[in-house]
Amino acid sequence: MTVKFIGDSYDFPCSNRVENYGGDMNLYMVWDHHLIYCAPNAYRVSGDMNFRDFLEQVFQPDYAQHPDVDKVDWEKGVWQLENQGWTPDFSKSLKENNIAHNSFIRVSTPGLEGMHGVGN
Amino acid sequence: MAKNQRRLNLSQKYQLMTRGLDWETTYQPMDKVFPYDKYEGIKITDWDKWQDPFRLTMDAYWKYQAEKERKLYAILDSVVQNNSQQNISDARYLNAVKIWMQGVTPLEYAAFRGFNMLGRGFRGAGARVACQFQAIDEMRHYQTQVHAFAHYNKFFNGFNQHARIRDRAWYLSIPKSYFEDAMTAGPFEFITAISFSFEYVLTNLLFMPFVSGAAHNGDMATTTFGFSAQSDESRHMTLGLEIVKFMLEQHEDNVPIVQEWLDKWFWRGYRLLGLIGTMMDYMLPKKVMSWRQAWEIYWEENGVALFNDLARYGIRMPKHHETATREKYRITHEFWSTIYQFSHATALYTWLPDEEEMDWLCAEYGELFEKLYKPRYEYWRELDARGERFFQKRLPVVCNVCQIPIFHTYPDDPCKNICLVSEYKGTKHQMCSEGCKDIFDREPEKYCQAYIPPQQIYQGNCGGATLEDYRKWLHIRDEDAGEYYGSEDNQLWEKWQAEAARV
Ligand SMILES: [Fe+2]
Ligand SMILES: [Fe+2]
Ligand SMILES: [Zn+2]
């Protein structure tokens, strides 16, 4: 399907295109079953950042008020990129891990499924 | 004036105004005079078949409305004189009024703009006249609400920047984008979106909780403008139903187009009303009914009956209605959890339900509430007691269509966030549901332009990257935001209660 319009063309750029990020990119990530944090988080990051650094220095501190945060071992996580199975290389950069502008990363940690194991 | 001049009766006046004033243009082709009412593909063969059951004329309109205004402002005067702000159930209640003032009152103004465009856009004069009357009604609703709430602004926070935060605040982009989506469509889609889906199908879920909530919670000002607007609303609802039937009866080619619009605007309306449901369940100290119950009465019974009626035109139930019904046990709790943790970036206060409210929520929502949401609130209360009131400091992903932070969960798994992706022009876009994804995929050229607050903040367009900078840009002050208990509203209320106790 496509939009109906008056005139000769209807063509506008995406408002969230990568060109608007001054060399950085926008990224989304969620730790499944930790719903006291209501939604996947949004980040503005450089694609050259190391994946482990991103995880440990940027992502993990965002869950600071969750009792699971000190128990987590990301190496044991089950990972998805754009809702598809995916195995990240922790020593490589975001870009080298195929993480692109507006990518969505999902990680779940079997055994750590929120307080009382119910997803909170 | 000649003595024997015959006076026109109302129906003759209406006939002249809606038919006699209209003509086929000859200097310019009609398609140039009315350039907007064909491109959507809706085929109208005979505009004279347009029926307006109200058949309002100018003099009748002015007479009714002036009478209503006189009554309304007499009561608003007495609200001021009697310090009626002290008679509400509790100052927490005012956050329901703030949501309305910040989120819904600007929609009245948006409706005024939209119906003005329609009042010029349709080539049938009957439809144009009905839209012009509605435009004036909507302007009146906007004004009377601002006047009614102005009194609360003298005492309480969060009322003083409604026009500015409407344009800027992340949570108000939800209602704002709803109307702007409609206004940037053609006139037939606009009227289907606003008059039918919003005012006819969903209005009871919007107006009922707010106005009866106001009455229940001792808010005279709101109750009064609510009743004053109600007779206008019944006219607007009728317009919605008439226009949909008119399109369906005029040409069979219109049926699939109207069906697509009903699918889209049912889902958009449902998503928007989640905010109002949350107000009902959490912000009214004296409850009217739960969102679940309201959904059962106003959608599962009344809404479904309406769609059954439309079946004879070849219309089926709107897509994804099953998902909406399935979500009735969770949507308001997910929404409240979100507002609770982001209220430091709103002009609202939030709080955790007290014990009595928790019991009410358990009774209304059963097993899922007890298993998932109650322990969540209990943990947050624990944090609160330790002086670590729970606020989320990171920006969330937001749905590219409904513009709500994607707190939503899978239809079959309320413990797992959903986040769907569509790629267009090499850019990925995130959506909260199959309903919103369908809307995006149908017109990606349109939704790829959406102004999504967290994206704009990260792109550097909203005053800065920190929360303090952003809040300053919103013109929201520290004291307007965050936790209710301990807030200025809370302190003022306690002071009034103490004074009343002494008397
Ligand atoms: Fe209105
Ligand atoms: Fe209306
Ligand atoms: Zn959505």
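Predicted model, so just to flag it, every value in this text is computed and none were measured.

*Asks:* Tell me about the sheet that holds strand E2 (residues 41-45) of chain A, and name the residues and values.
*Replies:* Residue and element names in this part refer to chain A. Overall, mixed pairing links the 5 strands, which are arranged E2-E1-E5-E3-E4 in an open sheet. Strands at the two margins of the open sheet, each flanked by one partner only, are E2 and strand E4 (84-85). Packing of helix H1 (residues 51-59) onto the sheet brings it into contact with strand E1 (25-31), E2, strand E3 (78-81) and strand E5 (103-108), and relative to E1 it is tilted by some 70 degrees.

*Asks:* Quick one: what's the story with the pattern of salt bridges, residue by residue and with numbers?
*Replies:* Residues and elements named next belong to chain B. Counted by the stated rule, this structure contains 52 salt bridges over all chains. A salt bridge links Asp232 to Lys68; the nearest nitrogen and oxygen atoms lie 2.6 Å apart. On the criterion of sequence distance, the pair formed by Asp232 in helix H10 (residues 220-250) and Lys68 in helix H3 (residues 58-81) is long-range, its members being 164 residues apart. Residue Asp232 is classed as buried on the basis of its relative accessible area, which comes to 0%. Residue Lys68 is classed as buried on the basis of its relative accessible area, which comes to 17%.

*Asks:* Please set out the interface of chain B and chain A residue by residue, giving values where relevant.
*Replies:* Listed by partner, the interface residues are 56 residues for chain B and 49 residues for chain A. In total, chain B and chain A occlude about 4,400 Å² of area from one another, counting both sides; carbon and sulfur atoms represent 53% of this. For the interface between chain B and chain A, the tally reads 3 salt bridges. Close ionic contact of B:Lys428 with A:Glu82 constitutes a salt bridge, the shortest N to O distance being 3.9 Å. For the pair chain B and chain A, the interface holds 30 residue pairs in polar contact (both at pLDDT 80 or more). A per-element tally of the side of chain B that touches chain A places helix H15 (residues 355-385) of chain B first, with 7 residues. For the side of chain B that touches chain A, the residue count by class is 28 nonpolar, 12 polar and 16 charged.

*Asks:* Report on the coordination of the iron ion (ligand 1), specifying residues and quantitative values.
*Replies:* Residue and element names in this part refer to chain B. Donor atoms from the polypeptide that bind the iron ion (ligand 1) are Glu108 (OE), Glu138 (OE) and His141 (ND1), placed at 2.0 to 2.2 Å. Donor residues binding the iron ion (ligand 1) come from one chain and are separated in sequence as E-x29-E-x2-H. Between the iron ion (ligand 1) and the iron ion (ligand 2) the interatomic distance amounts to 3.2 Å, and Glu138 serves as a bridging ligand to the pair. On the criterion of sequence distance, the pair formed by Glu108 in helix H4 (residues 94-121) and His141 in helix H5 (residues 125-153) is long-range, its members being 33 residues apart.

Thresholds applied
Residues numbered from 1 in each chain as written. Chains lettered and ligands numbered in written order. Predicted model: local features only at pLDDT ≥ 70, side-chain atom pairs only at ≥ 80, totals over all residues. Heavy atoms only, no water. Pairing = 2+ DSSP bridges. Helix = DSSP H or I, 4+ residues; strand = E, 2+ residues; numbered from the N terminus. Contact = heavy atoms within 4.5 Å. Axes fitted to C-alpha atoms, helices over the stretch in contact; angles between N-to-C directions. Salt bridge = Lys/Arg side-chain N within 4 Å of Asp/Glu carboxyl O. Buried < 20%, exposed > 50% of the residue type's maximum accessible area, 1.4 Å probe, protein only. Buried area = accessible area lost by both parts, 1.4 Å probe. Polar contact = N/O pair within 3.5 Å; in protein donor to acceptor, adjacent residues only side chain to side chain. Nonpolar A, V, L, I, M, F, W, Y, C, P; charged D, E, K, R; others polar. Donors = N, O, S within 2.8 Å, 3.2 Å for Na, K, Ca; no water.

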